[in-house]
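Inside the fold
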Amino acid sequence: MSSPTRPGWGYDTPQKTYDDDVGRKGSMTRATTEYSTPDPARGHQVCLPYGEPTPSNSPKHLTKNAENDFLMSNPVDELWGQSMQTKGSFSRDTAVSIKSVEPPNLERDKTRTIKLGHRHKEYPNNFLRSSRYTLYDFIPRNLYSQFQQISNIYFGLNAVIALIPDVSPITPVTAILPVVFILVVGAIKDAYEDYKRHVDDRENNSAPVSLLGKDGKWKEAASADVMVGDIIKVEHGKQHQLRADVVLIACDDDEGQVYIETSQLDGETSAKERKTVPELQSLIRSTDITNLLSDAQGPAGKKIKVKLNVDPPSKELEKFQGTGTIRNPDGGETHFNIDLSSTIWRSSGIKKAKWVYGVVAYTGHESKIGMNMQQKVPQQSVLTKILNRLVLILFLIKNLFIIPLCFGALSWDRDNDTEAWYLADTLDYHPALMYLMNYLSWFVLLSFMIPISLFVTLQICYHFQSRLMRFDRHMTHWMLGVEKDGGPGWASCRPKTSDLNTDLAFVKYIFSDKTGTLTDNRMEYMTGAIQLHANTPDEKWVEDPIHLLPASFEQSTHPASLLTSEESKAGEVMRYICCLVLCNTVTPTAGKDGEFEGPSPDEVGLVEYAYKIGVKLVKKTTKGVTISIGGREHTYEVLTRLPFSSSRKMMSVIVKSESGEIILISKGADEHEGIGGGMLNRLSGRCASYDSDIVTAIVESKKGTSSSAQPGDSSAIHELDVLWNSDHHGYASPNADTSDNANRIFDSAHKKLTKYAHKGWRTLVFGWKVLSPSWFNEWKEGYRQLVQSTMKIRGPNRTHRKAEVEDMGMLAIEKDLHFGGVLAYEDKLQDKVPETIKFFVDAGVVVWMLTGDKMETAIEIAKTCNLIDPSHLVQLKFDTIEPTERLASARKQLKQLEKQLADLPEGTLSIAVAEPVLAVLLQEEPERFQECAQKLKSAVCARLSPKMKGTIVEACQDYLVSKGRTNDVVLAIGDGGNDVTMINAANVGIGVIGVEGRSAELASDYAIPRFKHLLRLLAVHGRYSKYRSAMCIGWSFYKNIVLALGQVYFAVVSGFSAQTIYDSWLLAIKNTLFTGAPPFILGCLDKDLHEEPLIDPVTGPRLYKMLREEGLYMNSKSMLLWLGSAVLHSLCVWMWYPQMENDNINENGRTSDIYTHGTVLMSGIVCIVLYKFLLHARHHTSVSLLGAFLGSYVFYFSVLAVYSAMTELCVLGECDYIYHGIMDELWGAPAFYFYLLLVGVGLPTTIDLAGLYSQRTWYPTYRDCIQVDPDYPKHPERQFCCCGEFQLEDSDRMVPDDSTDVENSVVESPIPTIKRKRP
């Protein structure tokens, strides 16, 4: 026995941020004293802590969302409110502490007491609101929301400055209207979306519900009027959907069995079994339900009081506990427990039941669906971050122009104070005031340098891009359960957000689940094995025992029994088959022979296989299971079900056979680092060392004291002590295994399982034992009291702590098992998974496969997927099982990995690591491990829990942020509820539409039918979204800078006076109407390359890699090119101005005024920017040519004609008349047309075409070559790219075999690089 050290189930104790059942947040760790018993045979250490809170500096990525932590927490430790999570099995080198701990809120953690039939008005009503606004607060709240954007703040400030008298150089209304337009458009969009939510809320809250009234009669009321304590009735086919969270008290089925579907809650469409509370079911069937009403309501003299104590409201769908008391009129009391199986949450639907009664437990925003209505926090895309930086840079550039212009104005005023007598009123101002007024004037005038319409344009473009993803026929798949009625149909890509479209082009890391994501999630039985006479020295393995079943029907005297006395081959086979068919959560589909449904595809597939070979699951109720073997039916009474939990990694069922035996059947993972150790460590003769540690730790914990202990904790500890220190054990199994025999079975089974895993198969282990009635009844009563005692647990993370305590109670009976056999099944890969993964690996994307399978299985699947190269694979595993040596072992392996990475090119090496090693590295060496992870080609992580998946993703993101690598996007993809944690943690979450429900899809940013569609989503749609958005942004800034620079040039000849040369109205609508169409076309329809080379296995990876590594289209180089082009084109427009200053006299005897000059200049700007759009857009359609190009020309000159014909224009009291007749003068001026041809066509053609020709001739990019000849990398005989001569490097030449035709050769060599030959 080791000396007292620090505790934690052998795990270090990081700082922990908890999120308890009511949303309270805080941080907790503790330093405690450990009493542990190491077992060299398994390298596990169990210890229960106590002590005082102390500070900790654990990594951030190990402190999030502790409610679902990835392995387990010490239950007794957490009973005192000192939360500790196990992150791996390693020793504690240093104590960690915290200075202060937020005390738990006992009132908020109190259990809820409900009197049946009494309307509890102290709890919230049942009105559930999803809308954001009301009629009264819409305007202020929406304005506040819109002004969270820095662009709206900028333009709002500009509008306010324009209202200052003698400051604005333009008509104030022209500065205000664009801002108002943007805000109104945003408000209309928000109002429409919120209106739809209001309509849905009104429909949901007014839905009819049958309530039991005060008079004992059923009445129909609106859903919003339901209150806690009400008894409601739900009928299938009428009001089959629940409108509140209820506890089931009765139904039409005699056994109280109900099936529900929860697709609106967790997305799962499979039927889930529920049962009524047996005590209440029998009570209601034996008496009038009105007798259950409260004292003030029920009939006198027949009052039966029913009181329930349930958990406080929580958002955890799979967590619920409660107790109840029935007090009879004679004073007698009956106590009972309530668990999750007796609840139905709001929005669930009733299946296979005519009617149910339920008592309302939670209403409104305290219901499960109400507490889970919070949407995922929106992520800010990489392009948005770049755009914000660009706006800031332009703001600084704008000020760099304004400052010298203001000083120029002061200098001009000083030098011309005598000649400019007409400015006498302003020349007398103080220079500082003059500077301020000039600054504000120029601030307003140059505000057009930043396009106000860009941000609305981008949102519309993003939405259109997401629609293109949805309607892409190449991302569809025929699937079952797609239609609303559950029938088959075509599943397509389902974007849930459009703001992250461009992030799809920046992906550097992909974290992928395996089962259901890379595989079909359709399990196919492969083989199995049983061990004859496993408790004797001459044990023998029998492979594939299921195929011995027909002979077993005849040889076995008790074919459906699990009698331990029958040790023949037939008896062993029958036990194996019964374990398979009895221990599951599968139910037969009513009216459909041979069809089954259940929450786990694994179990459904295995039960379907058993059905095909003659072992049929005929009927399953809450009280019994009927199976048919060889045409003979056998019924087992179900006494207790112990559900699967991620900490135990096993499930069990306790049944009573026809011969009266009480049998425990268990199945689960072979071994793991969590509580219980796995099925192989629960065998008789082997689990003693595991269990003795738990018992000893409980005893030691009872001796400790804590200042933070909570009321009720000692009760739960006492009940655990009773269960684990009982002298009773399962009896009836002769020849109990000794420790030596158990270890021999363990070693033999481990070899068998490893053999299966090397074939890529998944595995299960079965175990069983016969229980004595006295031991079973004692455990059942003890477990009931344990569950009841956990209702008193208080403090942070109480739901998680309760679950861990209950798991320990289950393990008290899940021990001393007999080995029942092993089973292997295969989950085949989806089509084109290897090709998809190879594409991303070649593109420099680091792919991580995260799975809960055995390491050997995970490695085999990774090989098949092209994820790893066996010759460059490093396995990180503990070479010692001593917990105290694990940290040193992990650091040693990490050092070796660093050396190997230094000797090889980046992106060559892959690693395979299991959760215990990974937990140690993330806890103790997070920085070093993440530095190594950045240089990997790929990684395989096995035996991971759902929480650990999210932790890895968070760790990677935190490292990238700390290094300033915000352009590297982390993507997570999964298909099930166990993947939601990592999907929510990633920058971009992808849900695969699969057979495990829609949890992952609902939590994701994008949902796709198959993993192969990820390639097209990223390589095609991600690229197009980035290119289109970048072109929209670049072109928008270009056209506005051209316009703004004209004002700067005009300042030189206007005394730096901030006088606008453009008409205010034309200036206001130029960017939104005259040149507003091209950005939409560029942002929605343009494309730089065709789709084929983008997804080609040769050209595609390099093209995708360039998007991220070179920042293609949205980097400093491209922005400087847009800026340089704007400067050159603005100079081309302005060079005509000196000619216009000659004051030529027109036919009316008038000289051209400033607005005539401004109209000519603006016409030149419109022509030049439209022609640039025509020249630089790479994909023209009839919409772009006729609508955006020619349509913009026609619209612009039509507006000029109408505006010039108006004698007066008055808006909001501001009247203009100075523009009248200007176009009449220009229509008759030949020089005007010559100017437009010269500036709008000639100069842009000369400058831009010359630049494009030079670049593509002498400095072509890889993209340019692919655009000219998409197949050139596959043909070494083609030596020319564009107009220059290029050749591939010799090492990259793709020369096919002599026996292979060049045109049809399959290219497998690396991506080529281009070397330019100078002429």
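Because the structure is a prediction, the values reported are computed rather than measured.

Digging into the overall build of the protein chain
- When helices and strands are tallied, the protein chain shows 40 helices and 46 strands.
- Relative to its full complement of 1319 residues, the protein chain shows a buried share of 59%.
- Long-range contacts, defined here as pairs at least 24 residues apart, represent 74% of the contacts in the protein chain between residues at least 6 apart.
- Here the protein chain displays about 52700 Å² of accessible surface, and carbon together with sulfur accounts for 55% of that area.

Describing the pattern of salt bridges
- Here the structure, examined in full by the defined rule, presents 40 salt bridges.
- For E1001, the salt bridge is made with K496, and the minimal N-O distance between the two is 4.0 Å. A residue pair is termed long-range when its members are at least 10 positions apart, and E1001 in helix α28 (residues 999–1003) and K496 in the loop between β22 (494–495) and β23 (507–513) qualify at 505 residues.
- One salt bridge in this structure joins D853 and K514, with 2.8 Å as the shortest N-O distance. Here K514 lies in the loop between β23 and β24 (519–532) and D853 lies in the loop between β35 (846–850) and α22 (855–864), a separation of 339 residues in the sequence. Comparing D853 with K514, the two get one shared label, buried.

Let's talk about the side chain of T836
- Structurally, the position occupied by T836 is in helix α21 (residues 833–842).
- For T836, a relative accessible area of 2% translates into the label buried.
- There is a polar contact of 2.7 Å between the side chain of T836 and the backbone oxygen of K832.
- Not counting the four nearest positions on each side in its chain, T836 is found in contact with F1011, K1012 and L1015.

Section: the pairing of strand β37 (residues 910–914)
- The buried fraction of β37 amounts to five of the five residues, a majority that puts the element mostly inside the structure.
- Residues S910, A912 and A914 point to one face of β37 and I911 and V913 to the other, with burial holding for every one of them.
- With four bridges joining them, strand β36 (residues 873–876) and β37 adopt parallel strand pairing. In the sheet register, L873 faces β37, and the bridge partner there is S910.

Things to note about the sheet that holds strand β15 (residues 321–327)
- With antiparallel pairing, the four strands of this open sheet are ordered in space as β7-β14-β15-β16. Each edge of the open sheet carries a strand with a single partner, namely β7 (112–115) and β16 (333–339). Adjacent strand axes in the sheet meet at a mean angle of 20° when their direction is disregarded.
- The pairing of strand β14 (residues 305–310) with β15 spans six bridges and is antiparallel. Within β15, the residue paired with L308 across the bridge is G324.
- Along the sheet, helix α19 (residues 773–790) contacts β15 and β16; its crossing angle with β16, the most-contacted strand, is approximately 75°.

A few points about the packing of aromatic side chains
- In the structure shown here, the tally under the stated rule is 34 aromatic pairs.
- With a centroid separation of 6.1 Å and 90° between ring planes, the pair formed by Y154 and F395 is classed as edge-to-face. Of this pair, Y154 sits in helix α4 (residues 150–162) while F395 sits in helix α9 (residues 382–415), and the two are 241 residues apart along the sequence.
- Residue Y154 is classed as buried on the basis of its relative accessible area of 9%.
- With 4.9 Å between their ring centres and 70° between their planes, Y1196 and F1197 make a pair best called edge-to-face.
- Under the relative-accessibility criterion, Y1196 is labelled buried at 0%.
- Exposure remark for F1197: the relative accessible area of 19% places this residue in the buried category.
- The structure contains a cluster of three or more aromatic residues connected by ring pairs, namely Y154, F155, F395, Y439 and F443.
- Lying over the aromatic face of W345, K368 brings its terminal NZ or CZ to 4.9 Å of the ring centre.

Brief notes about the sheet that holds strand β11 (residues 245–251)
- On the basis of which strands lie adjacent, the open sheet formed by six strands has the order β9-β8-β10-β19-β11-β17 and antiparallel pairing. On the outer flanks of this sheet lie β9 (218–222) and β17 (343–344), each paired with one strand and no other.
- Pairing analysis gives six bridges linking β11 to strand β19 (residues 355–362), with the strands arranged antiparallel. The residue of β19 that forms the bridge with A250 is Y357.

Cut-offs applied
- All chains use their own residue numbering, which begins from 1 and follows the written sequence.
- It should be noted that, the model being predicted, local features are given only for residues of pLDDT at least 70 and side-chain atom pairs only at 80 or more, the latter also being counted only at that level, while totals for whole chains, interfaces and linings use all residues.
- Working from all heavy atoms in the structure, the side-chain values ignore hydrogens and water.
- Helix and strand definitions follow DSSP, with helices as H or I runs of at least four residues and strands as E runs of at least two, each counted in order from the N terminus.
- Exposure categories follow from relative accessible area, calculated using a 1.4 Å probe and restricted to protein chains: below 20% of the type maximum is buried, above 50% is exposed, and the middle band is partly exposed.
- The contact rule is simple, with two residues in contact once any of their heavy atoms fall within 4.5 Å.
- To measure how exposed things are, a 1.4 Å probe is used in the Shrake-Rupley method; for residues, cover is taken only from the protein chains shown.
- Here a salt bridge means any side-chain nitrogen of Lys or Arg lying within 4 Å of a carboxyl oxygen belonging to Asp or Glu.
- Polar contact is defined as a pair of N or O atoms within 3.5 Å, subject to the rule that within protein one atom must be able to donate a hydrogen and the other to accept it, and that residues adjacent in sequence are counted only when both atoms are side-chain atoms.
- Strand pairing is defined by DSSP finding a minimum of two bridges between the two strands.
- Lines fitted to the C-alpha atoms define the axes, with helices restricted to the stretch that makes contact. Angles between their N-to-C directions range from 0 to 180 degrees.
- A pair of Phe, Tyr and Trp rings is counted when the ring centres sit within 6.5 Å of each other, with Trp represented by its six-membered ring. The angle between the planes then sorts it: under 30 degrees is stacked, over 60 is edge-to-face, the rest tilted.
- By the criterion adopted, a ring carries a charge over it if an Arg CZ or a Lys NZ lies within 6 Å of its centre and within 35 degrees of its normal.

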